Amino acid sequence: MIKVGIIGSTGYAGAELVRILLGHKHVEIKWFGSRSYIDEKYANVYGNMFHFVTDTCLDDNLEELAKQVDVIFTATPQGYLAGVLTEEILQNTKIIDLSADYRLKEVEVYEKWYNLKHKSPQFIAEAVYGLCEINREKIKQARLIANPGCYTTCSILTAYPLVKEGFIDVNTLIVDAKSGTSGAGRGAKLPNLFCEVNENIKAYGVTTHRHTPEIEEQLSYAAKEQITINFTPHLVPMNRGILATEYASLKKIKQTDGSMGYPTYEQIRAAYDKYYKNEYFIRVLDKGKCPETKWVEGSNFVDIGFQIDERTGRIIMMGAIDNLIKGAAGQAVQNMNLLFDLPEKEGLQLVPMFP
């Protein structure tokens, strides 16, 4: 059995980790860390865990925990792990971090967008960006995984094949994304109160959202050139789910008759199939179908669709995920499975919930 510790187990992502790992046949959860609920029964915090979890919440003592478990999930705010991580901890256990502390490779970029001083930049170079469908082989060898953000997971996977194949002008890429309120975490914040969110939709973090450089960095690797995008997130009155609608100008490519023309539906579809045909958790929808958050809710799936606008020479790419699962906890478990040479789907064959 893989011995697991969870720091931040009482946040939304932490609670999803608990729920998923309780159904994982190779895992034993040894530590339910929560600074906010020390010595309180976990099932008192989340009533759905009554009869499933009898443990009490412990403090987030990372050094002590590292000696007891094989892997630690840190579902904590930005800056926590960077402030406590040491070489000794990494020699004792593997870590899958759900914050942004090790996602970005340039310290200056992290400090600018997160307005935090990075306290352990010496570990950034070795951290592996945990987007399994793209970095699978690197993940298997890692001891520190930077689990991607929810907006970034959806945005990157939706556009990745077309960026990689050079089918779109990457510097025309616009990402318009909408998220349920759980993406903001469980902490009490005025903008997330029911009366503030209900019957409303709003943009936020316009031109300044901190997931922007993460999307740019990963897609730049795919494009093999530095790219800049517009990313605008929106908050919608639902519990969970992300829908990303992405726009880009198509690039003309050489056709079979030697002429130059925009890629056809079949060529675009072939690009998606090239990268995702054998990816269990990515479902490229049939022609004319658009992703909907309700068909991925409660699952680790990414649904992707696209539509070519021949009139403007642009393509509209669409992706939908559950922000708490593929956008956080599910992806973290997927990373764990790779780290320990387990079937990638173990514990994650979750049929989407409806209604």
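Parameters and conventions
Residues numbered from 1 in each chain as written. Predicted model: local features only at pLDDT ≥ 70, side-chain atom pairs only at ≥ 80, totals over all residues. Heavy atoms only, no water. Helix = DSSP H or I, 4+ residues; strand = E, 2+ residues; numbered from the N terminus. Expected span 1.5 Å × (residues − 1). Buried < 20%, exposed > 50% of the residue type's maximum accessible area, 1.4 Å probe, protein only. Arc of directions from axis to C-beta. Contact = heavy atoms within 4.5 Å. Phe/Tyr/Trp six-rings, centres within 6.5 Å; stacked < 30°, edge-to-face > 60°. Pairing = 2+ DSSP bridges. Axes fitted to C-alpha atoms, helices over the stretch in contact; angles between N-to-C directions. Left-handed = near helix turned anticlockwise from the far one by under 90°. Nonpolar A, V, L, I, M, F, W, Y, C, P; charged D, E, K, R; others polar. Salt bridge = Lys/Arg side-chain N within 4 Å of Asp/Glu carboxyl O. Disulfide = S-S within 2.5 Å. Parallel < 35°, antiparallel > 145°, perpendicular 65-115°, else oblique.

Novice: I keep staring at helix α11 (residues 265–276) and nothing clicks. Help me out?
Specialist: Residues lying three or four places apart along an α-helix face the same way, a consequence of the helix completing one turn every 3.6 residues. Counted at 1.5 Å a residue, the expected span for α11 with its 12 residues is 16 Å, and the 16 Å between its end C-alpha atoms agrees. Regarding α11, the residues found buried are Y265, I268, R269, A271, Y272 and Y276. Angularly, the buried residues of α11 cover 150 degrees about the axis, an arc narrow enough to put them on a single face. Seen from the buried face of α11, the exposed residues on the opposite side, beyond 90 degrees, are E266 and K274. Those residues of α11 that are buried are in contact with α8 (150–164), β13 (282–284), β14 (302–309) and β15 (314–321).

Novice: Explain the side chain of E344 here, please?
Specialist: Its location among the elements puts E344 in the segment after α12 (325–339). Its relative accessible area of 18% is what places E344 among the buried residues.

Novice: Honestly, the packing of aromatic side chains in this entry has me stumped. Any pointers?
Specialist: Here the distance between the centres and the angle between the planes together describe a pair of aromatic rings. For the structure shown, the criterion picks out 12 aromatic pairs. A ring pair is formed by Y280 and F301, whose centres lie 5.5 Å apart and whose planes are at 45 degrees; its orientation type is tilted. With a gap of 21 residues between them, Y280 in the loop between α11 and β13 and F301 in the loop between β13 and β14 connect regions that are remote in the sequence. A ring pair is formed by F281 and F301, whose centres lie 6.0 Å apart and whose planes are at 55 degrees; its orientation type is tilted. Pair noted here: F281 is in the loop between α11 and β13 and F301 is in the loop between β13 and β14, with a separation of 20 residues, a long-range link.

Novice: Quick question: what am I supposed to make of the side chain of S182 here?
Specialist: Looking at the secondary structure, you find S182 in the loop between β7 (174–179) and α9 (194–197). Ignoring anything within four residues of it in the chain, the contact list for S182 reads Y12, N239, R240, N323 and L324.

Novice: Sorry, what's going on with unusual backbone geometry here?
Specialist: Excluding glycine, a negative phi dihedral is what most residues carry, and trans is how most peptide bonds are arranged. Cis geometry marks the peptide bond from F354 to P355; its omega dihedral reads -5 degrees. Take P355: it is sitting in the segment after α12. With phi around 70 degrees, D39 is a residue other than glycine that occupies positive phi space. Among the structural elements, D39 can be located in the loop between β2 (27–33) and α2 (42–45).

Novice: Looking at this structure, how should I read the sheet that holds strand β6 (residues 144–146)?
Specialist: Backbone hydrogen bonds hold the strands of a sheet together, and the pairing may be parallel or antiparallel. The parallel open sheet is built from six strands, whose spatial order is β2-β1-β3-β4-β6-β5. Each edge of the open sheet carries a strand with a single partner, namely β2 and β5 (128–129). Bridge count for β5 against β6 is two bridges, and the pairing is parallel. Residue pairing across strands places V128 opposite I145, the latter belonging to β6. Strand contacts of α12: β1 (2–7), β2, β3 (71–74), β4 (94–97) and β6, with the helix running at about 155 degrees to β4, the strand carrying the most contacts.

Novice: Help me out: how do you make sense of the packing of helix α7 (residues 132–140) against α12 in this one?
Specialist: Packed helix pairs are specified by the crossing angle of their axes together with the interaxial distance, meaning the distance between the axes. Packing of α7 against α12 brings their axes to within 9 Å, and their N-to-C directions diverge by 40 degrees. Note on packing geometry: the crossing formed by α7 with α12 is right-handed. Taken together, the residues of α12 that come into contact with α7 (itself represented by C132, E133, R136, I139 and K140) are K326, Q331, Q334, N335, L338 and L339. Classifying every residue of the contact of α7 with α12 by side-chain character gives four nonpolar, three polar and four charged.

Novice: What should I look at first to understand the pattern of salt bridges in this one?
Specialist: As a working rule, side chains carrying opposite charge can pair if their charged atoms are close by. In this structure the tally under the stated criterion is 18 salt bridges. In this structure, the salt-bridge partner of E87 is R143, at a minimum N-O distance of 2.9 Å. Taken together, the residues E87 in helix α5 (residues 87–92) and R143 in the loop between α7 and β6 connect sequence positions 56 residues apart. Put simply, E16, R19, R240 and D322 are held in one network by salt bridges that share partners.

Novice: Quick question: what am I supposed to make of the state of the cysteines here?
Specialist: By definition, a disulfide is the covalent link that joins the sulfur atoms of two cysteine residues. This structure, assessed with the given rule, holds zero disulfides. Looking at C132, it has no disulfide partner, and the nearest cysteine sulfur is the one in C154, 15 Å off. The cysteine C150 is free of any disulfide, with C154 supplying the nearest cysteine sulfur at 9.1 Å.

Novice: Got a minute to help me understand helix α10 (residues 212–223) in this structure?
Specialist: Between its first and last C-alpha, α10 extends 16 Å over 12 residues, near the 16 Å set by a 1.5 Å rise per residue. Counting buried positions over the 12 residues of α10 gives 11, a clear majority of the element. All of the buried residues along α10 are T212, P213, E214, I215, E216, E217, Q218, L219, S220, A222 and A223. Positive backbone phi, at 60 degrees, marks K224, one or two positions downstream of α10.

Novice: Explain the packing of α8 against α10 to me, please; I cannot follow it from the model alone.
Specialist: Interaxial distance between α8 and α10 falls to 9 Å at its minimum, and their mutual angle equals 20 degrees. As far as their axial angle goes, α10 and α8 are roughly parallel. Judged by the sense of rotation from one axis to the other, the crossing of α8 with α10 is right-handed. When α8 is examined against α10, the residues T152, S155, I156, Y160, V163 and K164 are found in contact with a partner set consisting of E214, I215, Q218, L219, A222 and A223.

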